[in-house]
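# Fold and contact review
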Amino acid sequence: MSLLENTTVLVVGAGPAGVTAALSLAHHGCYDFVIVDAVAERLRTSRAVTIHSATVEALASIDAVDGLVSQAIRGKGFKITSRSSQIFKAKFDSLKKHSAHPYALYIPQNVTELVLEQKLQSLGVQVQRPHRGSLTQKAQTQPKMHWFKWSLQMSHSSLNLSIHSPSRATSAARTESPRAPPKEYTQKLIDIYGPAFITSDPSLNPRPVKVDQLVWSTCHRSHSAIADHIFTRFEAAIFLVGDAAHIHSPAGGQGMNLGMRDAIFLTEAITKHIQASAENPDGDDTILQEIADARHARALETIGFTKTLSNLASLTYDPYAWRMPFSGAFVRDLVLRILGGFDCVQSKVAWGLSGLGRR
């Protein structure tokens, strides 16, 4: 499919952040944009399954949430469990005083992308595939062209299963993990580390559960990183959003959510900047720089939050020493069981996961 030679905004990447950016531009009355993606078709793997309250709220502000709500499971709370028992439980009811959307949406990332892209198509906008975005010499000669780089976040699967295995056997498990674990390997991990109610071991589970088909699997090492700057001007203005701007632990399901909220808030500022530039061609980038600084700060907060969650999840059951037969994971579980009995603690954890304090 041929592309326009000129556009005010170029969105590179049609993952959740990119399509959300396009929807937000359209919502704010800016249709002079093109959205491109390097792959011919959306991928069918899923790296995210949760849309938190703050993101639902942001999507509702651009009239892009109804289709997702109709396709998703509305989560009223969450549980943290060990292999055999519940450690912590909290409900999202406490969020009612903070948001009109006191819940999380559980929906595979590929379905999120499909629903949002269908919404975009209903507005008369098509994702241009396969095309890659780049800043050319021609674009550099047009200082009022605003180009923006968005990260690719495309995936799909029928079941998203994340297995974290903090135990005495994890060292060998980590070093020997295949790049794409087969069904047998995945089943073994579930049987060894997963909750008893989904194991295939009849001695632990009276109704054994077995992996019948593995659609997609992968192993990854969690780490965090953030771009020094998410906004710069190379004649044209360039933004980094989503995974192009920041990556962090998947703990708490914050990554896709942060990228989508970035896209919504940035594009609102971008449309204001375009309008201001039309009225005053000699204006500066104050609007763009302020929102870029604000979103960079939010990314740092989110990285700190997910690091805390990841560090807690990574504690092992290995005893510190023979004189101290207690492990970090044992102490963590005990503290969570005790604190989980207090409503104020449950509300604080629900608030943290919702993202409402990091809009």
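Quick summary incoming for the structure in this document. (Residues numbered from 1 in each chain as written. Predicted model: local features only at pLDDT ≥ 70, side-chain atom pairs only at ≥ 80, totals over all residues. Heavy atoms only, no water.)

### Focus: helix H11 (residues 343–354)
Here is the rule: Per the convention used, a helix needs a DSSP run of H or I reaching at least four residues, while a strand needs a run of E reaching at least two, with both numbered from the N terminus. In a helix, the anticipated span is given by 1.5 Å times the number of residues less one. By definition in these notes, contact holds between two residues if any of their heavy atoms fall within 4.5 Å.
Given a rise of 1.5 Å per residue, 12 residues ought to cover 16 Å, and the 16 Å separating the end C-alpha atoms of H11 matches this to within 8%. For H11, the elements touching its buried residues are helix H2 (53–61), strand S5 (77–81), strand S6 (86–91) and helix H9 (286–313). Note on H11: the residue one or two positions beyond its end, Gly 355, has a positive phi of about 80°.

### A look at the pattern of salt bridges
Put simply, the rule reads: One side-chain nitrogen of Lys or Arg within 4 Å of one carboxyl oxygen of Asp or Glu is enough to make a salt bridge. The cut-offs for exposure are 20% and 50% of the maximum accessible area for each residue type, with area from a 1.4 Å probe on protein chains only; residues under the lower value are buried, those over the upper are exposed, and the others partly exposed.
Applying the stated criterion across every chain, the model contains 10 salt bridges. With a shortest N-O distance of 2.6 Å, Glu 57 and Arg 359 are connected by a salt bridge. Here the residue Glu 57 occupies a position in helix H2, and Arg 359 occupies one in the segment after H11, the gap between them amounting to 302 residues. The exposure class of Glu 57 is partly exposed, given its relative accessible area of 22%. Arg 359 gets classed as partly exposed once you look at its relative accessible area, which sits at 30%. Arg 332 serves as the salt-bridge partner of Asp 333, at 2.9 Å between the closest nitrogen and oxygen. Side by side, Asp 333 and Arg 332 carry an identical accessibility label, which is buried.

### Points about the packing of aromatic side chains
Convention followed: Pairing of aromatic side chains requires ring centres within 6.5 Å, counting the rings of Phe and Tyr and the six-membered ring of Trp. Pairs whose planes differ by under 30 degrees are stacked, by over 60 edge-to-face, and all others tilted. Only Lys NZ and Arg CZ are tested; either one counts as a charge over a ring when it is within 6 Å of the ring centre and within 35 degrees of the ring normal.
Counted under the stated rule, the structure contains three aromatic pairs. Seen in terms of ring centroids, Phe 78 and Phe 92 are 6.0 Å apart; in terms of plane orientation they differ by 35°. Their pairing is tilted. Linking Phe 78 in strand S5 with Phe 92 in the loop between S6 and strand S7 (104–106), this pair joins segments that are 14 residues apart in sequence. In this pair, the class of Phe 78 matches that of Phe 92, namely buried. Three or more aromatic residues joined by ring pairs form one cluster here, namely Phe 78, Phe 88 and Phe 92. The lysine or arginine in question, Arg 74, covers the ring of Tyr 103, its NZ or CZ lying 4.3 Å from the ring centre. The positively charged end of Arg 358 is found above the aromatic ring belonging to Phe 305, 4.4 Å away from the centroid.

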